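# An overview of the molecular structure
What follows is the residue order along each chain.
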Amino acid sequence: MNMTRASFVSQVDADHRTAGMVGAALTAGGITLATPQEAPDDPCVLLADDVSAACAAVRTLSRRGWRRVLALFVDPPGPTPADAWLLLAAGAADVLAWEPDRAGDVVAKLRRWVQVDELVDSPDVTARLVGRSPVWRATLRRVVEVARFTAAPLLLTGESGTGKELVARLVHELDPRPAKGDLVVVDCTTVVPTLSGSEFFGHERGAFTGAVSARDGAFALANRGTLFLDEVGELPVELQSELLRVVQEGTYKRVGSNTWHPTSFRLICATNRNLAEEQSAGRFRRDLYYRIAAATIRLPPLRERPGDMLPLFEYFLAELRPQQGVPGLDPVVRELLLARGYPGNVRDLRQLAQRVSNRHVGTGPVTAGDIPEEDRPTADTVTGWGADDFDEPIRRGLNSGRGLRELREAAADAAVRVAIEEAGGNLRQAAARLGVTDRALQMRRAGWREEPTLAAVDG
Ligand SMILES: Nc1ncnc2c1ncn2[C@@H]1O[C@H](COP(=O)(O)OP(=O)(O)OP(=O)(O)O)[C@@H](O)[C@H]1O
Ligand SMILES: [Mg+2]
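### Concerning the packing of helix H13 (residues 309-320) against helix H15 (residues 345-359)
At a closest axis distance of 9 Å, the pairing of H13 and H15 adopts a crossing angle of 50°. One element, H13, and the other, H15, form an angle in the oblique class. In this structure, H13 crosses over H15, and the sense of that crossing is right-handed. Mapping the contact onto sequence places Met309, Leu312, Phe313, Phe316, Leu317 and Leu320 in H13 and Val346, Leu349, Arg350, Ala353, Gln354 and Ser357 in H15. Class assignment of the residues belonging to the contact of H13 with H15 gives a composition of nine nonpolar, two polar and one charged.

Below you can see the structure in the form of structure tokens.
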């Protein structure tokens, strides 16, 4: 078994009876303990006895959820439910009260987290899906965990162009079933109820006019594999009950036949409708909804992960011009790409890359002139990056006695934090985007409270 590394931070007194025991139990369970600095991407165990101190440490350690922090409370009775929610809101991945017989669970959890992250960072995933923003990483973690460690039906929601189909294909790829069958895609907008769902069930020869020969349907083709129902919100109500039956019973009959056939597949559904609402409004069967939504993952729109815009654009350019490699982007182009809206999400960005690559020549960077006329900013699209949103926090700051100096520092700190986060922790890239030197960025970070350091760990 490969080694699992985790960082270990203790906020409790060094002579606390339990503190040493926890470290020893984790080591005995095969976890290599390190400092948060040594293991910036590995999970972290935080030994805590005070909720507000733990929340503060979680905020620093978790880096907006990039690093998973397990808050472990050493003194009984452990955190109250309210404390646990506070810690989760601060960015903790989980909160537990320590008991010696829980060591196995803690070790299992850390191992699982590391396995999931290894997959998220593996070429299987990174070659298919581009994105290093914390929001996207959190999404991929959930996708990978459902795909590899469960057989649960999965419902993917998200606006058009957010990557639902790509993610469905990834789930099928990562599915570890032995002798796995195929991925079968059915677009529910094209399923015709008058053919009694023959797309799903298949049909016998002569079952209806035009059925000149017998045919397998999606339920047969997906056997031992994956059935991907795209736009499942469009499925006609008549067929919803039929689908429910097959999912529950695992058997189906071809149209025009009386023989039952067994089938077994993983079901993945996608929709850009709000199915929970459709279900309350009576347009989608409630029982089917609960059946297909055992695991639901929402894919974030591109505007919620601006840090991925430039990497995605460069990826598409490189894909479109495989001979020339990735061209650089002039600052004016970067700025446009970040400021622009993408109603069609990643698909929009990809189409823009296509239009730009049609115009770009040579190996130099993409320049303003490579942006097609219709994609250039007009006066009202260049403005407004939301600086007005500052008013409220500034008002509160002023009212609580902060002067210009403090307000400016707070804004700069927020900018640095966001830039580092968007660059997935890459300081050089963050500094470049902020237009400051690496050193200036490091100095500012050093001024922040030091990350908690490794606690004494001896058995
Ligand atoms: N993270 C990503 N990395 C690389 N390409 C992506 C990513 N997300 C989406 N794409 C690309 O964007 C396009 C749209 O993706 P996809 O078809 O999976 O979206 P969708 O959510 O199914 O959209 P719709 O709701 O319109 O069917 C595809 O060309 C896909 O390859
Ligand atoms: Mg789609």
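### Things to note about the domain arrangement of the chain
One widely used convention gives an interface's size as the accessible area the parts lose upon coming together. In terms of domain boundaries, the chain breaks down into domain 1 (4-120), domain 2 (134-298), domain 3 (303-382) and domain 4 (387-447). Summarising the inter-unit geometry, the C-alpha centres of domain 1 and domain 2 are found 38 Å apart. Among the residues forming the side of domain 1 that touches domain 2, the class breakdown is four nonpolar, one polar and one charged.

### Side note on the site of ligand 1
Near ligand 1 you find 16 residues, and of these Ser160, Gly163, Lys164, Glu165 and Val346 are the closest. Mapped onto the domain boundaries, the shell around ligand 1 takes at least three residues apiece from domain 2 (134-298) and domain 3 (303-382).

### Overview of the nonpolar core
Leu156, Val171, Leu227, Ile268 and Cys269 are the most contacted members of the largest nonpolar core, which totals 43 residues. Considering each element in turn, this core owes the most residues, six residues, to helix H6 (residues 134-149). Residues in contact with Leu156, not counting those within four places in the same chain, are Lys164, Val167, Ala168, Ile268, Ala270, Ile297 and Leu299. Listed in part, the 34 residues of the second largest apolar core include Phe8, Phe73, Ala90 and Val106.

### What to know about unusual backbone geometry
Put simply, Pro76 and Pro77 share a cis peptide bond, and its omega is 5°. Looking at where Pro77 falls in the secondary structure, it is placed in the loop between strand S4 (69-73) and helix H3 (81-90). In this model, Arg64 sits at a positive phi of 55°, which is unusual for a non-glycine residue. Among the structural elements, Arg64 can be located in the loop between helix H2 (51-62) and S4. With 17 C-beta atoms packed within 10 Å, Arg64 lands in the partly exposed category. Here Asn345, not a glycine, exhibits a phi torsion of approximately 55°, which is positive. Asn345 gets classed as buried once you count the C-beta atoms within 10 Å, which come to 21.

### Details of H6
The end-to-end C-alpha separation of H6 is 22 Å, in line with the 22 Å expected for 16 residues at 1.5 Å each. Turning to H6, its buried residues number three or more, namely Pro134, Trp136, Thr139, Leu140, Val143, Val144, Val146 and Ala147. Where H6 is buried, its residues touch helix H4 (103-120), helix H5 (123-126), strand S6 (154-157), helix H7 (164-174), strand S14 (295-298) and helix H18 (404-422).

### Looking at the confidence of the model for the chain
Do not read the predicted coordinates in detail wherever pLDDT is low. Overall, the prediction assigns the chain a mean pLDDT of 89, with 94% of residues at 70 or greater. A low-confidence stretch, residues 450-459 (pLDDT under 50), is modelled with 22 contacts involving residues beyond four sequence positions or located in other chains.

### Observations concerning the sheet that holds S4
With parallel pairing, the five strands of this open sheet are ordered in space as S2-S1-S3-S4-S5. In this open sheet, the two strands that pair with only one neighbour each are strand S2 (31-34) and strand S5 (94-97). Strand-to-strand twist across the sheet, computed as the mean angle between neighbouring axes with direction ignored, equals 30°. As defined by bridge partners, strand S3 (residues 44-48) adjoins S4 across five bridges and the pair is classed as parallel. Directly across from Leu47, in S4, lies its bridge partner Leu72. Against the sheet, H2 makes contact with strand S1 (4-10), S3 and S4, and its axis sits at roughly 165° relative to S3, the strand it touches most. Across the sheet, H4 is in contact with S1, S2, S4 and S5; its angle to S1 comes to roughly 120°.

### A word on the environment of Leu129
Structurally, the position occupied by Leu129 is in the loop between H5 and H6. In this structure, the C-alpha to C-alpha distance between Leu129 and Leu140, residues eleven residues apart in sequence, is 9.1 Å. Excluding residues within four positions of it along the chain, Leu129 makes contact with Leu140, Gly163, Leu166 and Leu170.

### Description of the sheet that holds S14
As summarised here, the arrangement of the five strands in space is S7-S10-S13-S6-S14, forming an open sheet in which the pairing is parallel. Because the sheet does not close on itself, it has two edges, and the strands there are strand S7 (183-187) and S14. Here the average twist between neighbouring strands, direction ignored, is 20°. In this structure, S6 lies alongside strand S13 (residues 266-271), joined through four bridges in parallel fashion. In the sheet register, Leu156 faces S13, and the bridge partner there is Ala270.

About the cut-offs
Residues numbered from 1 in each chain as written. Chains lettered and ligands numbered in written order. Predicted model: local features only at pLDDT ≥ 70, side-chain atom pairs only at ≥ 80, totals over all residues. Axes fitted to C-alpha atoms, helices over the stretch in contact; angles between N-to-C directions. Helix = DSSP H or I, 4+ residues; strand = E, 2+ residues; numbered from the N terminus. Parallel < 35°, antiparallel > 145°, perpendicular 65-115°, else oblique. Left-handed = near helix turned anticlockwise from the far one by under 90°. Contact = placed C-beta atoms within 7 Å. Nonpolar A, V, L, I, M, F, W, Y, C, P; charged D, E, K, R; others polar. Domains from an automatic or database assignment. Near = placed C-beta within 6 Å. Core = buried A, V, L, I, M, F, W, Y, C linked by C-beta atoms within 7 Å. Buried ≥ 20, exposed ≤ 12 C-beta atoms within 10 Å, placed from the backbone. Expected span 1.5 Å × (residues − 1). pLDDT = per-residue confidence, 0-100. Pairing = 2+ DSSP bridges.

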